[in-house]
Amino acid sequence: MKKLTKFRILTVYCKCSAKLVKYQKGGSGRLIKLQKHRIVKDYFDIFINNFDDKNSDVLCPNCKKRFCTIQLIGGKYVYKINQGQLGNIK
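Residues numbered from 1 in each chain as written. Predicted model: local features only at pLDDT ≥ 70, side-chain atom pairs only at ≥ 80, totals over all residues. Heavy atoms only, no water.

### Side note on the packing of aromatic side chains
The description of an aromatic ring pair uses the distance of the two centres, along with the angle that the planes make with each other. One pass over the full model with this rule turns up 2 aromatic pairs. Both rings, one in Phe47 and one in Phe67, keep their centres 6.3 Å apart while their planes meet at 70 degrees; by these two values the pair is edge-to-face. Linking Phe47 in the loop between β4 (39-42) and β5 (57-59) with Phe67 in strand β6 (residues 66-73), this pair joins segments that are 20 residues apart in sequence. In terms of burial, Phe47 and Phe67 fall into one category: buried. (Phe/Tyr/Trp six-rings, centres within 6.5 Å; stacked < 30°, edge-to-face > 60°. Helix = DSSP H or I, 4+ residues; strand = E, 2+ residues; numbered from the N terminus. Buried < 20%, exposed > 50% of the residue type's maximum accessible area, 1.4 Å probe, protein only.)

Next up, the structure:
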């Protein structure tokens, strides 16, 4: 696992304005996936304590819509974000 040296802390919101997670984002570009080891704070405990199988959906606890899907990418389980449900990122 590569050590992330340059990163910025993002607060990720759902489209319904629910504050979901604080995340360490490396590089530029849009937020496409969340890796579990880069999550700084999980406000609803829907990411850190989630041990669901591949292709399981993670729902927003506020609006109950699919926020992301668990995928196996590069040998690691990551949360692939549904871009249509992604709200503000600050």
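### Points about the sheet that holds strand β3 (residues 33-35)
Sheet strands line up and pair through hydrogen bonds in the backbone, either parallel or antiparallel. Read across the sheet, 4 strands follow the order β3-β7-β6-β5 without closing on themselves; strand pairing throughout is antiparallel. In this open sheet, the two edge strands, each paired with only one partner strand, are β3 and β5. On average, each strand axis in the sheet is tilted by 30 degrees relative to the strand beside it, whichever way the strands run. The pairing of β6 with strand β7 (residues 76-81) spans 6 bridges and is classified as antiparallel. When the sheet's bridge partners are listed, Ile70 is paired in β7 with Tyr79. (Pairing = 2+ DSSP bridges. Axes fitted to C-alpha atoms, helices over the stretch in contact; angles between N-to-C directions.)

### Topic: the sheet that holds strand β8 (residues 86-89)
On the basis of which strands lie adjacent, the open sheet formed by 4 strands has the order β4-β2-β1-β8 and antiparallel pairing. Looking along the sheet, the strands with just one partner apiece sit at the ends: β4 and β8. On average, adjacent strands in this sheet sit at an angle of 25 degrees to one another, irrespective of strand direction. Pairing of strand β1 (residues 8-14) with strand β2 (residues 19-25), which is carried by 6 bridges, proceeds in the antiparallel orientation. Looking at β2, one finds that Ile9 is bridged to Gln24.

Honestly, it's all geometry; don't read function into it.
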